[in-house]
There are 2 protein chains.
Amino acid sequence: MDTTKPRVVIVGGGFAGVAAARALRRAKANVVVIDKHNHHLFQPLLYQVATAALHPGAIASPIRNVLSNQANCRVLMKEVDGVDVAAQTIMLGREPYTYDYLVLATGLETNYFGNDQWKKFAPGLKTIDEAIDVRARFLLAFEQAEFEEDQAAKRAALTFAIVGAGPTGVEMAGSLAEIAETVRKDFRSIDTRTTRIIVLDFADRVLTPYHPELSERAKRDLEGLGVEVLLRTRVTDVDEKGLTAQTPDGEIRIDANNVIWAAGVKGGPLGEALGAELDRSGRVIVGDDLTIPGHPNVFITGDLAFRVDSVTGKPVPAVAQGAIQGGKYAGQIIAAEIKALGRGEPAPERKPFHYQDRGSMAIIGRNRAVVQTGKLRFAGYIAFLMWALIHILFLIDFRTKLVVFVEWVWLYFTGGRGARLITGDDRMPKIIKPPPDFRIAARESNPPAEVAD
Amino acid sequence: MDTTKPRVVIVGGGFAGVAAARALRRAKANVVVIDKHNHHLFQPLLYQVATAALHPGAIASPIRNVLSNQANCRVLMKEVDGVDVAAQTIMLGREPYTYDYLVLATGLETNYFGNDQWKKFAPGLKTIDEAIDVRARFLLAFEQAEFEEDQAAKRAALTFAIVGAGPTGVEMAGSLAEIAETVRKDFRSIDTRTTRIIVLDFADRVLTPYHPELSERAKRDLEGLGVEVLLRTRVTDVDEKGLTAQTPDGEIRIDANNVIWAAGVKGGPLGEALGAELDRSGRVIVGDDLTIPGHPNVFITGDLAFRVDSVTGKPVPAVAQGAIQGGKYAGQIIAAEIKALGRGEPAPERKPFHYQDRGSMAIIGRNRAVVQTGKLRFAGYIAFLMWALIHILFLIDFRTKLVVFVEWVWLYFTGGRGARLITGDDRMPKIIKPPPDFRIAARESNPPAEVAD
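What you see is a predicted model; the values in this text were computed from it and never measured.

Caption draft 1: View of the overall build of chain A. Secondary structure assignment for chain A yields 11 helices and 25 strands. Residues classed as buried in chain A amount to 57% of the 453 residues present. Taking the contacts inside chain A whose residues are at least 6 apart along the sequence as the reference set, 64% of them involve residues at least 24 apart. Carbon and sulfur atoms make up 52% of the accessible area of chain A, which totals about 18600 Å².

Caption draft 2: Structural view of the packing of aromatic side chains. Residues and elements named next belong to chain A. Using the criterion set out here, one finds 14 aromatic pairs over all chains in the structure. Grouped by ring-pair contacts, the aromatic residues F138, F142, F160 and F187 constitute a single cluster. Geometry around F202 places R234 over its ring, the cationic atom sitting 4.1 Å from the centre.

Caption draft 3: Structural detail: helix α4 (residues 128–146) of chain B. The end-to-end C-alpha distance of α4 of chain B is 27 Å, a good match for the 27 Å that 19 residues give at a rise of 1.5 Å each. The buried fraction of α4 of chain B amounts to 18 of the 19 residues, a majority that puts the element mostly inside the structure.

Caption draft 4: Representation of the environment of G13 of chain A. Residue and element names in this part refer to chain A. By the secondary structure assignment, G13 is in the loop between β1 (7–11) and α1 (15–23). Given the relative accessible area of 1%, G13 is considered buried. When neighbours within four sequence positions are excluded, G13 is seen to be in contact with V18, V33, I34, D35, H40 and I63.

Caption draft 5: Fine view of a nonpolar patch on the surface. Residue and element names in this part refer to chain A. Taken together, Y381, I382 and L385 make up a surface patch of nonpolar side chains, about 300 Å² in accessible area. Relative to the elements of secondary structure, L385 occurs in helix α10 (residues 381–394). By relative accessible area, which is 42% here, L385 ends up partly exposed.

Caption draft 6: Here's a closer look at the side chain of E130 of chain B. All names here are of chain B. Along the chain, E130 turns up in helix α4. Among buried Asp, Glu, Lys and Arg side chains, E130 stands out as unpaired, with K119 the closest opposite charge at 5.0 Å. Within the local environment of E130, its side chain forms a polar contact with the backbone nitrogen of K126, the two atoms lying 2.6 Å apart. Leaving out residues up to four positions away in the same chain, E130 has contacts with G124 and L125.

Caption draft 7: Local environment of the pairing of strand β14 (residues 234–239) of chain A. All names here are of chain A. Sheet topology places β14 next to strand β15 (residues 242–247); five bridges connect them, and they run antiparallel. For D237, the partnering residue across the bridge sits in β15 and is T244. The turn linking β14 back onto β15 is made up of two residues.

Here is what the cut-offs are and how they apply
Residues numbered from 1 in each chain as written. Chains lettered and ligands numbered in written order. Predicted model: local features only at pLDDT ≥ 70, side-chain atom pairs only at ≥ 80, totals over all residues. Heavy atoms only, no water. Helix = DSSP H or I, 4+ residues; strand = E, 2+ residues; numbered from the N terminus. Buried < 20%, exposed > 50% of the residue type's maximum accessible area, 1.4 Å probe, protein only. Contact = heavy atoms within 4.5 Å. Areas by Shrake-Rupley, 256 points an atom, 1.4 Å probe, with all protein chains shown as cover. Phe/Tyr/Trp six-rings, centres within 6.5 Å; stacked < 30°, edge-to-face > 60°. Lys NZ or Arg CZ within 6 Å of the ring centre and 35° of its normal. Expected span 1.5 Å × (residues − 1). Patch = residues over 30% accessible without salt bridge, like charges linked within 9 Å, V, L, I, M, F, W, Y side chains within 5 Å. Salt bridge = Lys/Arg side-chain N within 4 Å of Asp/Glu carboxyl O. Lys, Arg positive; Asp, Glu negative; His and termini not counted. Polar contact = N/O pair within 3.5 Å; in protein donor to acceptor, adjacent residues only side chain to side chain. Pairing = 2+ DSSP bridges.

Laid out in structure tokens, this is it:
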């Protein structure tokens, strides 16, 4: 590798990072993509891993495999511990590592709004490991309820509270309601359909980024699946046994073994280290060209960037499309500058980034989804088909498309979930008791004497 | 559930336990299957999870799903901590739990032959969690080698030592050799084909249960894939950096970041607690009806049982077929006795268990396998096809068959491995250094000045 070429460091191998790297495909540069995970994750479907509909590998591909055909690009699995824009350096552990261009695309973290102690009771859903953890919690809840004698404890085991009624919360609630239906035959002493699923949000409607009509429709669809939707409700405490919340009608207590946190996101320490202005979620406020003031070689793309679009006057939403478009934009700007400078020409003028809103969609359950694109809004079966098609199209490579397609067709026609796997060595549910309705008493005779029908 | 019916407790939801439960399908009994994992595992393909060819869910199904149509059967996810055959009781934590019939089918543990301190350096391969762990180690080895400056360290990262040349060791070595070939394009500074794979065994040939001709063929096939096979070699020490072994020509040292232990198995504490005679591996020596002396209601089936077949005079091998046939036999005996006693008739005489050897097969790599069945022995492409067909046929339900089929077809034609996922929060490879051939020095200018081709 020619070390005299400019070095472009891309931190984060998500939608934005991969799009930036791909846009630099033909650049005479050393491109380095650094991520603490080895895999690119199709995050919009992460809730399906958490609800055992898809296996983890179906929505994750090794970053180095995604970029294997790009000879100017290397992939480094490593956590970035700091950034110094004045010295044009990032820190890999204690080792400084310089860049000519930096694309920071590390995404956002789960935000507990100052109550980080809730984290261990209410996991978030940003990584594959978190999804596998949530999946194990859900599945163990049914295992425990099956053999729980105490009715209140059984009820708490079968109660799932989801904090946050954005796309993740809504999609997870719908998916959970469907699990409860499909695993019914596997259990003997519980009716899994009595599972209580509660979605709480401080807003006055679900899916606030959507048109109010679609929010209303999504809420009705959720309620049709048996999900309770509590709006204008603020969670005031989370503990081992459930949560406390303030509703418009006063304080309520929900005893639930499983609380999932889908309520908010925030920027991480790397964004802070830039020294640039942040919004109140810790996202980095970027200029027209997605760079920070005074550092035209430092691009922030994806969810970590906050930007009011120059054309629409609205903030660019923190969705996959925004990340892909921003990453591609940054990569193209860098590629054009490297090319011009290689020819001894001045860098071309940077046109402002403009976000093309291709629409938004959320799925509530089988045959139920909401879609809005431009002025068009619709819901129901057609929205569901469109949701499935678009998500398949955007999966990162052909193999994952094929796997997801097969698993979905199977799920759709049989209700069978293929990924009901509890892993992790410490998962043994010590709390589960033996079947209560079975005799617990020493016997002496053998073979059995009291055979009855 | 009618608590006056006899209770049949089956400990272990593997091949033997599930076969026993299924044979009790129509019995007027309370059947309880207890396993510490929630899933039935198709163990013969576990090495394919470890080598990223199949994702974990493809070879594991929830036990309660496998048995969901069997109304007389309940599934309990719980570890069994003790057994008292005199009191007809097992211990679930501190709670005693009685049985009328017991089927103990807990399988075997990895045997380090008294050197349990080697375990943390050389994981075994008996559970999904271990396979996921081994997979992460393999994949991280390549990640580390890609950025390792020190040549000896790079060499150690790309050296994999597999202790044990039985079916697991041989199949894993072959599979690893193929990974190294297929991920080649994803790396920039290592040629993954230089990966060194070594299989060590104290025996004088690989695959000792097979005919010597097939052992010889398998060894040649492995060597054709670049695998080194060291026979008559005893491992004398394993540490963080590799292993030491005694060969016929003297002591050797192998520096390898990854050592996998596929060398032996042993019975666990439950087998010991029975008070029955054990063989030197801790397997329970059972009678003609797979029970232990003096306790005709305690059956030991699957790998945990040791038995010399009454017809052939040879030990029943610890393979899936032996477990399935033994479990089915035990379930049928119990079902027949419960039926007779329900009618007030005497229990029918127990015919001795006889193992039907349907043959053995091992795969060495793509298009390479060995098969022996009766007096018939063959190897090569036909053996490979037969291996694939039979393994698909025996996968536990239709869904996993379909998923495995799709993943195998994909792997065969493209070499693409879908399950190259490193999970586990503590996986961050702190040892990986930044790319050595890149400049590590602070720069001042921006945009880049020294653009070259």
